[in-house]
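# Descriptive structure summary
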Amino acid sequence: MHTMSIIDKTILFVKEQLQNAEGGHDWFHVERVYKNAVLIAQNETCNLEVVKLGALLHDIADSKFHDGDETLGPKVARKFLESEKVNEETVIHVLNIIENISFKGGNFDKNFNSKELDIVQDADRLDALGAIGIARTFNYGGFKNRAIYNPNIAPNLNMSKDEYKNSEAPTLNHFYEKLLLLKDKMNTISGKKIAQERHVFMEKFLSQFYTEWDGEL
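The rules behind these values
- Residues numbered from 1 in each chain as written.
- Predicted model: local features only at pLDDT ≥ 70, side-chain atom pairs only at ≥ 80, totals over all residues.
- Heavy atoms only, no water.
- Helix = DSSP H or I, 4+ residues; strand = E, 2+ residues; numbered from the N terminus.
- Rg over C-alpha atoms; globule rule 2.2 N^0.38 Å.
- Buried < 20%, exposed > 50% of the residue type's maximum accessible area, 1.4 Å probe, protein only.
- Contact = heavy atoms within 4.5 Å.
- Areas by Shrake-Rupley, 256 points an atom, 1.4 Å probe, with all protein chains shown as cover.
- Lys, Arg positive; Asp, Glu negative; His and termini not counted.
- Charge placed at Lys NZ, Arg CZ, Asp CG, Glu CD.
- Core = buried A, V, L, I, M, F, W, Y, C linked by side-chain atoms within 4.5 Å.
- Expected span 1.5 Å × (residues − 1).
- Arc of directions from axis to C-beta.
- Phe/Tyr/Trp six-rings, centres within 6.5 Å; stacked < 30°, edge-to-face > 60°.
- Salt bridge = Lys/Arg side-chain N within 4 Å of Asp/Glu carboxyl O.

Right, let's get into the overall build of the chain. The secondary structure content of the chain amounts to 10 helices and 0 strands. The order of α-helices and β-strands along the chain, N terminus first, is α-α-α-α-α-α-α-α-α-α. Here the C-alpha atoms of the chain give a radius of gyration of 18 Å, agreeing with the 17 Å that 2.2 N^0.38 yields for 217 residues. With the C-alpha coordinates aligned to their principal axes, the bounding extent of the chain is approximately 65 × 35 × 35 Å. A burial count over the chain gives 46% of its 217 residues as buried. Counted over contacts in the chain with a minimum sequence separation of 6, partners at least 24 positions apart contribute 66%. Taken as a whole, the chain presents about 11700 Å² of accessible surface, with 50% of it coming from carbon and sulfur. For the chain, the centre of its 26 positive side-chain charges and the centre of its 33 negative side-chain charges are spaced 2 Å apart.

Another point: the nonpolar core. Soluble, globular proteins show a tendency: their nonpolar side chains are buried together. Judged by nonpolar contacts, the single largest core of 51 residues is most densely connected at Val14, Leu56, Leu57, Leu81 and Phe175. Counting only elements with at least two residues in this core, the list comes to α1 (6-17), α2 (27-41), α3 (48-57), α4 (72-83), α5 (88-100), α6 (115-126) and α10 (189-213). When residues of this core are assigned to their parent elements, the largest contribution, 7 residues, is made by α2. Not counting residues up to four positions away in its chain, the partners in contact with Leu57 are Thr10, Phe13, Val14, Ala77, Leu81, Val94 and Ile98.

We now examine α1. For α1, spanning 12 residues, the distance from its first C-alpha to its last is 16 Å, which sits close to the expected 16 Å at 1.5 Å a residue. Where α1 is concerned, the buried positions are Ile6, Ile7, Thr10, Ile11, Phe13 and Val14. Along the axis of α1, the buried positions cluster into a sector of 165°, meaning they face one direction only. Next to the buried residues of α1 lie α2, α3 and α4.

Further remarks concern the packing of aromatic side chains. Overall, the coordinates contain 11 aromatic pairs when judged by the stated rule. Taking 4.3 Å as the distance between ring centres and 10° as the angle between the ring planes, the aromatic pair formed by Phe13 and Phe80 counts as stacked. Linking Phe13 in helix α1 with Phe80 in helix α4, this pair joins segments that are 67 residues apart in sequence. A relative accessible area of 16% means that Phe13 is categorised as buried. Ring geometry for Phe138 against Phe205: centres 6.0 Å apart, planes inclined by 65°, an arrangement best described as edge-to-face. Here Phe138, found in helix α7 (residues 130-143), pairs with Phe205, found in helix α10; they are 67 residues apart in sequence, far enough to count as distant. Judged by its relative accessible area of 24%, Phe138 is partly exposed. Connected via pairs of aromatic rings, a cluster forms that spans Phe138, Tyr149, Phe175, Phe205, Phe209, Tyr210 and Trp213.

Any two side chains of opposite charge can pair, given that their charged atoms come close. Following the criterion strictly, the structure yields 8 salt bridges and no others. Linking Arg78 and Glu88 is a salt bridge whose minimum nitrogen-to-oxygen distance equals 2.9 Å. Placement of the pair is Arg78 in helix α4 and Glu88 in helix α5, with a sequence separation of 10 residues. Among the charged side chains, a salt-bridge network with shared partners connects Arg32, Asp127 and Arg136.

Right, let's talk about the environment of Glu22 for a bit. Assignment of secondary structure puts Glu22 in the loop between α1 and α2. Assessed through its relative accessible area of 7%, Glu22 is described here as buried. Along the chain, Glu22 and Gln42 lie 20 residues apart, while their C-alpha atoms are 30 Å from each other.

The next thing to look at is α10. Compared with an ideal rise of 1.5 Å per residue, which puts 25 residues at 36 Å, α10 spans 36 Å between its outermost C-alpha atoms and is within 8% of the ideal. Taken together, the buried positions of α10 are occupied by Ser190, Gly191, Ala195, His199, Met202, Leu206 and Phe209. Close packing links the buried residues of α10 with α2, α6, α7 and α9 (173-177). Where α10 ends, the next residue or the one after it, Gly215, has phi of about 65°, a positive value.

In short, geometric facts, not functional conclusions.
Okay, structure coming up:
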């Protein structure tokens with residue numbers, strides 16, 4: 001009998017956990033990050049199993065949807081990995097990826113570094129860029145009942161982590177507060193290259209948006 005690999009089991013677990021998730025943080029998001037991570041990993045020297053597990057579990061309990069509780073994701077991931085008898089060294093590495101992957105306003109230092117974290121972080125950030133990044137941003141803005149755009153509310157580029165998490169600003173501000181900053185924060189060569197292309201696409205979108213907003217046809 002063919003036994004399921006730990007990766008296959010993790011995919012099933014994540015699909016089940018995220019079946020009612022918000023559209024930008026659902027299984028399809030995780031699947032895209034997973035594919036991005038595997039792609040980037042081809043050009044890097046890394047532990048592919050850690051990359052795959054980190055990518056699959058990185059949003060298992062996103063604090064945005066659990067009253068800001070940042071301890072829940074790592075707890076859920078640890079419980080699952082231990083139940084599958086994954087060795088402790090791998091478990092710790094995967095939890096470090098989950099705990100350090102997030103943007104959080106960009107104004108904080110990572111307290112853990114590894115090539116595997118670099119890869120998963122790039123893969124996650126790529127999904128916040130380009131056409132999908134735009135779609136996810138407006139989807140989340142709608143989910144939070146935010147305005148699309150308000151010319152009288154300027155982006156805040158010096159937000160603390162808490163301000164970033166609790167922001168009620170118009171969705172368009174998020175492009176300046178996060179999305180357009182990502183290309184300069186990429187870790188890997190392939191991540192930087194893809195980010196650059198998606199960045200240009202977002203700039204074109206914004207330019208078109210303002211043209212239409214101002215009725216310049």
